[in-house]
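Notes for the structure review
Here are the chains, one letter per residue:
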Amino acid sequence: MKKLIILFACGFLILACKSDKKENQTKELIELTPAEKIANRYGFQNWNNVEYVTFRFNVTKDSSHFQRLWEWNPKTNDVVLITQSDTLKYNRNKLDDTFINADKAFINDKYWLLAPFNLVWDSGTTISEPEKSVAPLSNKELNKLTLTYSNTGGYTPGDAYDFYFTDEYVIEEWVYRKGNTPQPSMMTTWEDNQEFNGILISKSHKKTTDNWELYFSDVEIK
């Protein structure tokens, strides 16, 4: 009888532990902010495992084409810029005037690549509460969240970004507003989602007003 009681007690404790674990996981999920949920939808929870990123940043408009290739070690902040005419290596922890222009280009290109992560990475920002809104390009009703940067610090202070995303926290389009002006400075789609070792990348961004596309190729994330 004692053995049965002990076994029953152990079984009850195991079930209780599983229940507590499930409850804690549910609680953690509920406590995530909308910005964190977007970032996690794109694999932010896997970012600490990333040691190497390479990507080619491309912009085409009509018959013109621009590109530059980046290699980046996030843990050491070593960056390599490769263009048709030059190769430049630097470390973001040891920046000087020699590398400022290259670093501005890197921040811009990396922002397009990993914008969902900047929702949780960046300090000195304000993030609005999500609201239902009609997306300007597709005219679909989506969720809208606005990320606004402070007027000090960074390469482009005061800018704002409106993210339009689904109930599954997938971004479908966004609006960039330079200096937080009411009127859009740029609007593009988010398309061609592809996962790279747990990191989801939207490889294509298009305007609908002209023959313009920003896209990524040669993406590798290890």
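All of these numbers come straight from a predicted model, not from anything done at the bench.

Moving on, we come to the overall build of the chain. Check the secondary structure of the chain and you find three helices and 13 strands. Counting all 222 residues of the chain, 39% fall into the buried class. Of the contacts made within the chain by residues no fewer than 6 positions apart, 43% connect residues no fewer than 24 positions apart. As displayed, the chain has an accessible area near 13200 Å², and 51% of this comes from carbon and sulfur atoms.

Bringing the sheet that holds strand 1 (residues 53-61) into the picture now. One open sheet accounts for seven strands, arranged 4-3-2-1-13-12-11; its pairing is antiparallel. Each edge of the open sheet is held by one strand with a lone partner, namely strand 4 (87-91) and strand 11 (191-196). With direction set aside, neighbouring strand axes in the sheet form an average angle of 20°. Pairing geometry for strand 3 (residues 78-82) and strand 4, over five bridges, is antiparallel. Each bridged residue has a counterpart across the sheet, and for Leu-81 the counterpart in strand 4 is Leu-88.

Now for the pairing of strand 1. Burial analysis of strand 1 places eight of its nine residues in the buried class, the great majority of the element. What sits between the antiparallel neighbours strand 1 and strand 2 (residues 64-73) is a turn of two residues, in which Asp-62 has the positive phi angle 55°. In this sheet, strand 13 (residues 212-221) lies alongside strand 1 in antiparallel orientation, the contact comprising eight bridges. Considered in strand 13, the bridge of Thr-54 is made with Glu-220.

Our focus in this paragraph is the packing of aromatic side chains. Evaluated as defined, the whole model comprises 22 aromatic pairs. With 6.3 Å between their ring centres and 80° between their planes, Tyr-42 and Trp-190 make a pair best called edge-to-face. Here Tyr-42 is found in the loop between helix 2 (34-41) and strand 1, whereas its partner Trp-190 is found in the loop between strand 10 (186-189) and strand 11, with 148 residues between them in sequence. Side by side, Tyr-42 and Trp-190 carry an identical accessibility label, which is buried. Measuring from centroid to centroid gives 5.3 Å for Trp-47 and Trp-121, while their planes differ by 75°, and the two rings are edge-to-face.

What follows covers the packing of helix 2 against helix 3 (residues 100-121). The contact between helix 2 and helix 3 brings their axes to 8 Å, and the two run at 145°. Between helix 2 and helix 3 lies a crossing of left-handed hand. Between helix 2 and helix 3, the contacting residues are Ala-35, Glu-36, Ile-38 and Ala-39 on the first element and Pro-116, Phe-117, Leu-119 and Val-120 on the second. Of the residues belonging to the contact of helix 2 with helix 3, the class tally is seven nonpolar, no polar and one charged.

Turning next to the side chain of Arg-56. Inspection of the secondary structure assignment puts Arg-56 in strand 1. Within the structure, the side chain of Arg-56 is placed 2.6 Å from the side chain of Asp-218, a separation counted as a polar contact. Not counting residues within four places of it along the chain, the set of residues in contact with Arg-56 comprises Gln-67, Arg-68, Leu-69, Tyr-215, Phe-216, Ser-217 and Asp-218.

Definitions and limits used
Residues numbered from 1 in each chain as written. Predicted model: local features only at pLDDT ≥ 70, side-chain atom pairs only at ≥ 80, totals over all residues. Heavy atoms only, no water. Helix = DSSP H or I, 4+ residues; strand = E, 2+ residues; numbered from the N terminus. Buried < 20%, exposed > 50% of the residue type's maximum accessible area, 1.4 Å probe, protein only. Contact = heavy atoms within 4.5 Å. Areas by Shrake-Rupley, 256 points an atom, 1.4 Å probe, with all protein chains shown as cover. Pairing = 2+ DSSP bridges. Axes fitted to C-alpha atoms, helices over the stretch in contact; angles between N-to-C directions. Phe/Tyr/Trp six-rings, centres within 6.5 Å; stacked < 30°, edge-to-face > 60°. Left-handed = near helix turned anticlockwise from the far one by under 90°. Nonpolar A, V, L, I, M, F, W, Y, C, P; charged D, E, K, R; others polar. Polar contact = N/O pair within 3.5 Å; in protein donor to acceptor, adjacent residues only side chain to side chain.

Everything listed here is a matter of geometry and, on its own, says nothing about what the molecule does.
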